[in-house]
Amino acid sequence: MRGFLCIRRIITLLLVFMLVAPGASAYTVEQLLGEYAQKADLSTRTKKESAGYLIVFTRADLDAMKIKTLSELVNEIPFLRYNENAAGLSDVNYTSFQTNTFNPIVVYLNDRQMVAPFSGNGFQLLGQLDMSYIDHVEVYLGIPSYEIGFDTAATVIKLYTKKGYRENATVVSSSIGSRGTNDTYVYSGRDLGNGNSYFLYLDKRDNKRKKVDFYSPYFHKLYTLSRNKYTYNFYGEFDTGNFRFESQAVFGKMDNFIGQSWYMTVDKNRTDFRYLYGGIYYTSSDDSWKASINYSFTSSDNTQKSDGPLGVYLKRISPGWPGIPVTYNTLESKLEEKLSDVKVIKTFKIKNDLFMFGVRGRYRGFNFKKNQTDNDITLPGSKFSREYVASGIFEAHHMFNKRNMVVFSAKLEKHFVNGGITNFSTYGGRVGYIFNSNRWTFKAFLFSGANAPTPYVLYRQNLLGKKRVSPQIASALSAEITYRRDSSSYSLLLSDTRVSKAIYFSASGYRNAPSITWLKSVSFRYRRDFDPYNRLYLNLWAFRLTDFRSKRNLFGGYIALFNRIGRFTLYNCLSYRGLYGSHRPAYNLSSTLTYRATRNLVVYLKGTDLLNRAITTDYYRFDPINRHLTVLKDVPVFDRTVWLGVEYKF
Amino acid sequence: MKRVVCSVAGLFILIASVCVAISLEQIKLQLVSIIAHAIVKKKVVKVYLGDKGFLAKTKNVNGVVFVKQCKDADLIIVSKPDSLRGLCRDKPIFVTNYRGYRSSNLPVGALFWQKGRPVLIFRKRNLERLHVSLPKNLKDYVVD
């Protein structure tokens, strides 16, 4: 009850503040410049309304939030509940005893899909990394157009890096937070004239997470489980107008929380990883040709030591016998992953029609260089180690007049895999109608497509000697209506998705679900711009998943306020997630107070999970030999953290 | 009296710009008008726009008339001030580009992107050279 009163008081204060703050400021040239920045962000940038249901986090939003990680944004994205898996990695779809069978979120960094060749999940790669080199973020709900990227999902997050020609500065920033968490970055970007510009960024982050204490009654010992992450992130870009050269290098060490330990009795679980990337992008002056070539290499060394077992292997005693199960308590593995792709897109514009054709060839390969247990036993691996994917897309837009438009898109993909796995094809298609007037926008899309199983699923299935599972097939019908009046907008989104052959993990390997999985969702969004610096966002949504095992209802929403009073900028956001299984309702209050001391110096104070009531997760581990279940309940996936930071522009 | 008219017009433009939903091009036009009237104390200011990328379509509004020759202008708006020749170099020059502002001593002011935001700036030395006194609402944008 006290918690409820506390939240009510905070909401009342926020609402009072919201009503009073805009009236406190007078219109100035600064505000006209603010309007200029906002309009430039939202119109001349990459906003593509016809591509899907779009939410934009502008540079001004991200600056006011002083956003630290992508995971923070998930609180403001409908139908998602931020979560972390047993390795302490970001994973919105995490469920105990399940692995990722498809990617619920596809993340792009500019035009590069962030994808791990083995696990396939880009959100895991970027979820807890720094965001200070990101200019703005677009979130597409539903299955967006292939114009956004060849690989789509229910949620597509596009991160756009800062551009040298819009920076024209060298910035150094440092912050220190709770538990000794600290972060320092420096970036420099310049317009070099004649359409050339560069942007260079380097960040060092020591993300000290809250430790989780776990007492094992089985081993009569207290274990401290860690999810700390220590990373260096370099990003560089050189832009000539037509050509863009991109490179990135991430080096890090991370503690992998529970890892594979059957009893959560972790002595050591550490991964050292390296990610290297280079890419070249070409865009013709009239935007009719686009081409890119990308290469990335990831290497990770993982060491796990546990008092209880980490896994089991079959020790062969004599030929013809299946062997006896032997458990192991240490595991050292080294995984190398490579990803490269080449892409060409041609667009034709003929009067009111637009046609787009694209082809892409992609290679992804991975190799366990080491997978060694106690007594130098090397665990057996699957023969599946590489995949070639050839993709072709087609998209057409037809405008009947200025207000009415229809879109059609299709994709065909052929997967060539090794290791004795049968090659397979996937497809996708989408039709849509868009109506747009000064006050009203209506969009409706019908999508149907097959999702390929992730390489991890193919690998595990191949290792278990099982037949490959079929791609799961999703069909979605969705519609959104938006009404705009003066500086307010109201949107209602409805969606109904049917998934057949959904892939899930069972005791005997991966399988396709015997019946249809239904996903129904509704979202209401409201935005009010009092002026360029004072605005309010509100979102309420509900999501229902029904599959052959259970029914799950998820409710959520948030209210966010951005205000400026004199030299102070304020950001306050209260988000809610509720009724998800047995978890208590979660509230996350995040606030940032920024003070612009001089033209060049900014000081800020930022807090996340200030109510200490954010999302928690239960973790389960099972010993299949002794049939013992270990449970770790109510582990917070957000840590209450307060940062004090300073930023200086040279 | 002119100053009062200019200030009132500027204030009206500002309020209108915030209260009514306007496009990016309209905002730029209004900024050009404010800058032009701040530098040139005339009811109608003739502006030469050398940076075609700044405004896709020029429209004679808010007391601004766009001219085709820089020699006919009261104010010159360009991205590369050093490319100007002859008499044009002696007129008030305003730049739309960070590089143009930093690489030349000619501009009286600039509007460019920095840290992802538009920055408006006036150079004190050149304002004094041209005997320009800015209205109160723009004094904060003057740098040495």
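**Q** For this particular structure, what's the right way to read the overall build of chain B?
**A** Secondary structure summary: chain B contains 4 helices and 7 strands in total. Put simply, chain B runs from its N terminus to its C terminus through helices and strands in the order α-α-β-β-β-β-α-β-β-α-β. Counting across all 144 residues of chain B, residues that qualify as buried make up 53%. The long-range fraction of contacts in chain B, counting pairs at least 24 apart against all pairs at least 6 apart in sequence, stands at 36%. A total of about 7,500 Å² of accessible surface is found on chain B, and carbon and sulfur atoms cover 56% of it.

**Q** Is there a simple way to think about the interface of chain B and chain A in this case?
**A** Size of an interface: often given as the accessible area lost when the parts come together. Opposite the 31 residues of chain B that make contact, chain A presents 32 residues. Taken together, both faces of the contact between chain B and chain A bury some 2,900 Å²; the carbon and sulfur share is 64%. Taken together, the links from chain B to chain A amount to 2 salt bridges. Close ionic contact of R117(B) with D63(A) constitutes a salt bridge, the shortest N to O distance being 3.1 Å. Where chain B packs against chain A, one counts 14 residue pairs in polar contact (both at pLDDT 80 or more). For the side of chain B that touches chain A, the secondary structure elements donating two or more residues are α1 (2-19), α2 (24-39), α3 (98-103), β5 (109-114) and β6 (117-123) of chain B. Looking at the side of chain B that touches chain A, the element that brings in the most residues is α2(B), giving 6 residues. Classifying every residue of the side of chain B that touches chain A by side-chain character gives 19 nonpolar, 6 polar and 6 charged.

**Q** Is there a simple way to think about the confidence of the model for chain B in this case?
**A** Any residue range with low pLDDT should be treated as having predicted coordinates unsuitable for detailed reading. For chain B, the mean per-residue pLDDT works out to 82, and 85% of the residues sit at or above 70. Across residues 1-20 of chain B, where pLDDT falls below 50, the model places 21 contacts with residues more than four positions away in sequence or in other chains.

**Q** Is there a simple way to explain the side chain of H37(B) in this structure?
**A** Residue and element names in this part refer to chain B. Tracing the sequence through the fold places H37 in helix α2. Relative accessible area serves as the criterion here: at 15%, H37 is assigned to the buried category. Side-chain polar atoms of H37 contact the backbone oxygen of S33, separated by 2.9 Å. Separated by 3.4 Å, the side chain of H37 and the backbone oxygen of G63 make a polar contact.

**Q** Explain the sheet that holds strand β2 (residues 105-109) of chain A here, please?
**A** Remark on secondary structure: sheet strands pair via backbone hydrogen bonds, oriented parallel or antiparallel. Residues and elements named next belong to chain A. Overall, mixed pairing links the 5 strands, which are arranged β1-β4-β5-β2-β3 in an open sheet. Of all strands in the sheet, those with a lone pairing partner are β1 (53-57) and β3 (112-114), marking the two edges. Across the sheet, the mean angle separating the axes of adjacent strands is 25° when strand polarity is ignored. Of the pairings in the sheet, the one linking β1 to strand β4 (residues 134-141) comprises 5 bridges and is antiparallel in character. Across the sheet, the residue bridging to Y53 is L141, located in β4.

**Q** Explain the pattern of salt bridges to me, please; I cannot follow it from the model alone.
**A** Side-chain pairs of opposite charge can arise whenever the charged atoms involved come near each other. All names here are of chain A. Here the structure, examined in full by the defined rule, presents 45 salt bridges over all chains. Of the charged contacts in the structure, one is a salt bridge between D341 and R362, with a shortest N-O distance of 3.3 Å. Note that D341 is positioned in strand β17 (residues 330-350) and R362 in strand β18 (residues 353-373), a separation of 21 residues in sequence. Among the residues examined, D341 registers a relative accessible area of 9% and is labelled buried. Among the ionic contacts, a cluster of salt bridges with common partners joins D151, D341, R360, R362, K411 and E413.

**Q** Help me understand the nonpolar core, please; the structure alone is not making it clear to me.
**A** A general tendency of soluble globular proteins is for nonpolar side chains to be buried together. The biggest cluster of nonpolar side chains holds 83 residues, and the ones touching the most others in it are L70(A), V137(A), L159(A), Y619(A) and L632(A). The biggest single contributor to this core is strand β13 (residues 266-283) of chain A, with 5 residues. Dropping the residues within four chain positions of it, L159(A) is found in contact with L70(A), V107(A), Y108(A), L109(A), N110(A), L126(A), M131(A), I134(A), H136(A) and V137(A). Core analysis: the second largest hydrophobic core is formed by 36 residues, V47(B), V64(B), F66(B) and L111(B) among them.

**Q** Whenever I open this one, α2(B) confuses me. Can you help?
**A** Three- or four-residue spacings in an α-helix give side chains the same orientation, since the helix completes a turn every 3.6 residues. With 16 residues, α2(B) should cover 22 Å at 1.5 Å per step; its first-to-last C-alpha distance of 23 Å lies within 8% of that length. Among the 16 residues in α2(B), 14 count as buried, and that is most of the element.

**Q** What is the right way to look at the sheet that holds β6(B) in this model?
**A** Residue and element names in this part refer to chain B. Spatially, β2-β1-β3-β4-β5-β6-β7 is the arrangement adopted by the 7 strands of the open sheet, whose pairing is mixed. Each edge of the open sheet carries a strand with a single partner, namely β2 (64-67) and β7 (142-143). Relative to β2, strand β1 (residues 45-49) runs parallel, the two being bridged by 4 bridges. Paired with K46 across the bridge in β2 is V65. Contacts between α2 and the sheet are confined to β1, β2, β3 (75-78), β4 (93-95), β5 and β6, with β2 contributing the most and set at about 95° to the helix.

**Q** I'm lost on empty space enclosed by the protein in this one. Help?
**A** Over the atoms, a rolling probe the size of a water molecule traces out where space has been left empty. Residues and elements named next belong to chain A. Taken as a whole and assessed by the stated rule, the structure comprises 9 cavities of 30 Å³ or more. Mapped onto the lining of the largest cavity, the elements with two or more residues apiece are α4 (70-73), β7 (182-193), β8 (196-207) and β35 (641-649). Residue composition of the lining of the largest cavity, grouped by class: 4 nonpolar, 8 polar and 8 charged.

**Q** Can you walk me through the state of the cysteines in this structure?
**A** Note on terminology: a disulfide is the covalent bond linking the sulfur atoms of two cysteines. Residue and element names in this part refer to chain B. Following the criterion strictly, the structure yields 1 disulfide over all chains and no others. Shown here is the disulfide that connects C70 with C88, its sulfur atoms set 1.9 Å apart. One disulfide, between C70 and C88, carries an S-S torsion of 75° and so falls in the right-handed class. A residue pair is termed long-range when its members are at least 10 positions apart, and C70 in the loop between β2 and β3 and C88 in the loop between β3 and β4 qualify at 18 residues. According to the relative accessible area criterion, C70 is buried, its value standing at 17%.

**Q** Which parts of the structure should I look at to understand the side chain of D183(A)?
**A** Residue and element names in this part refer to chain A. Considering the arrangement of structural elements, one finds D183 in strand β7. Among the polar contacts listed, one links the side chain of D183 to the side chain of R205, at a separation of 3.1 Å. The contact partners of D183, leaving out residues within four places of it in the chain, are K68, S173, S174, S175, D203, K204 and R205.

**Q** What should I look at first to understand helix α7 (residues 455-463) of chain A in this one?
**A** Those residues of α7(A) lying buried are P455(A), V457(A), L458(A), Y459(A) and Q461(A). Buried positions along α7(A) lie against β18, β19 (386-399), β20 (404-417), β21 (424-436), β25 (503-506) and β26 (509-512) of chain A.

Definitions and cut-offs
- Residues numbered from 1 in each chain as written.
- Chains lettered and ligands numbered in written order.
- Predicted model: local features only at pLDDT ≥ 70, side-chain atom pairs only at ≥ 80, totals over all residues.
- Heavy atoms only, no water.
- Helix = DSSP H or I, 4+ residues; strand = E, 2+ residues; numbered from the N terminus.
- Buried < 20%, exposed > 50% of the residue type's maximum accessible area, 1.4 Å probe, protein only.
- Contact = heavy atoms within 4.5 Å.
- Areas by Shrake-Rupley, 256 points an atom, 1.4 Å probe, with all protein chains shown as cover.
- Buried area = accessible area lost by both parts, 1.4 Å probe.
- Salt bridge = Lys/Arg side-chain N within 4 Å of Asp/Glu carboxyl O.
- Polar contact = N/O pair within 3.5 Å; in protein donor to acceptor, adjacent residues only side chain to side chain.
- Nonpolar A, V, L, I, M, F, W, Y, C, P; charged D, E, K, R; others polar.
- pLDDT = per-residue confidence, 0-100.
- Pairing = 2+ DSSP bridges.
- Axes fitted to C-alpha atoms, helices over the stretch in contact; angles between N-to-C directions.
- Core = buried A, V, L, I, M, F, W, Y, C linked by side-chain atoms within 4.5 Å.
- Expected span 1.5 Å × (residues − 1).
- 1 Å grid on protein atoms, 1.4 Å probe; cavity = no way out; pocket = protein on both sides within 12 Å on 5 of 7 lines; lining within 4 Å.
- Points joined across faces, edges and corners; volume = space filled by probe spheres on them.
- Disulfide = S-S within 2.5 Å.

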